Amino acid sequence: VQLQASGGGLVQAGGSLRLSCAASGSTFSFNAMAWYRQAPGKQRELVAAITLGGTTKYADSVKGRFTISGDNAKNTVYLQMNNLKPEDTAIYYCTSGGWGDLHSVDYWGQGTLVTVSS
């Protein structure tokens, strides 16, 4: 299984970015996909997750600003991030599995850096 994340970059506070994660390999085993992030000096945390059936959940800090979605036909999951804040600065990782917590992650993507300037 390979997870290829893209879409990170530098944006000003209040701006938007859309992250994409394309999965290849044995994707038939995926029950959920998720986005995690890790900011400098902080623990990796769940940002958003989506099940194969489309059920979603979000960290409280991003509710109302971020939207996770998936295209099952393309084996791709997206994270639309609006009204970005400096505290959203982190490396964002897409995962297969990961609905529950770090221990539920099956595979990690390589990460994409999001930097939000104030």
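This text goes with the structure placed above it.
1. Comments concerning the overall build of the chain
A count of helices and strands for the chain gives 0 helices and 11 strands. Mapped from its N terminus to its C terminus, the chain presents α and β elements in the order β-β-β-β-β-β-β-β-β-β-β. What you see for the chain is a C-alpha radius of gyration of 13 Å, in line with the 13 Å of a compact globule of 118 residues. For the chain, the C-alpha atoms occupy an extent of roughly 40 × 25 × 25 Å along the three principal directions. Relative to its full complement of 118 residues, the chain shows a buried share of 42%. Only carbon and sulfur atoms are counted for the fraction: they give 48% of the accessible area of the chain, which is about 6,100 Å².

2. Describing the sheet that holds strand E7 (residues 66–71)
The strands making up a sheet associate through hydrogen bonds between their backbones, and the pairing can be parallel or antiparallel. Read from one edge of the open sheet, 4 strands run E1-E3-E8-E7, paired in antiparallel fashion. What marks the edges here is a single partner per strand, and that holds for strand E1 (2–6) and E7. Averaged over neighbouring strand pairs, the angle between their axes works out to 15° when direction is ignored. Alignment of E7 against strand E8 (residues 76–81), held across 6 bridges, turns out to be antiparallel. Counterpart to Phe66 in the pairing with E8 is Met81.

3. Digging into the environment of Gln43
When you line up the elements, Gln43 lands in the loop between strand E4 (32–38) and strand E5 (45–51). Given a relative accessible area of 72%, Gln43 falls into the exposed group. Not counting chain neighbours up to four residues away, the residues in contact with Gln43 comprise Arg37 and Gln38.

4. Topic: the state of the cysteines
A disulfide bridge is the covalent bond that connects two cysteines by way of their sulfur atoms. Tallied over the entire structure, the rule returns 1 disulfide. Between the sulfur atoms of Cys21 and its disulfide mate Cys94 the distance is 2.0 Å. Because the torsion about its S-S bond is 50°, the bridge between Cys21 and Cys94 counts as right-handed. You can see Cys21 sitting in strand E3 (residues 17–24) and its partner Cys94 sitting in strand E9 (residues 90–97), a full 73 residues away along the chain. Here Cys21 and Cys94 have matching classes, each one buried.

5. A few points about unusual backbone geometry
Negative phi characterises most residues that are not glycine, and trans characterises most peptide bonds. Look at Asn75: it is not a glycine, yet its phi comes out positive at around 50°. The topology assignment puts Asn75 in the loop between E7 and E8. The exposure class of Asn75 is partly exposed, given its relative accessible area of 30%.

What counts as what
- Residues numbered from 1 in each chain as written.
- Predicted model: local features only at pLDDT ≥ 70, side-chain atom pairs only at ≥ 80, totals over all residues.
- Heavy atoms only, no water.
- Helix = DSSP H or I, 4+ residues; strand = E, 2+ residues; numbered from the N terminus.
- Rg over C-alpha atoms; globule rule 2.2 N^0.38 Å.
- Buried < 20%, exposed > 50% of the residue type's maximum accessible area, 1.4 Å probe, protein only.
- Areas by Shrake-Rupley, 256 points an atom, 1.4 Å probe, with all protein chains shown as cover.
- Pairing = 2+ DSSP bridges.
- Axes fitted to C-alpha atoms, helices over the stretch in contact; angles between N-to-C directions.
- Contact = heavy atoms within 4.5 Å.
- Disulfide = S-S within 2.5 Å.

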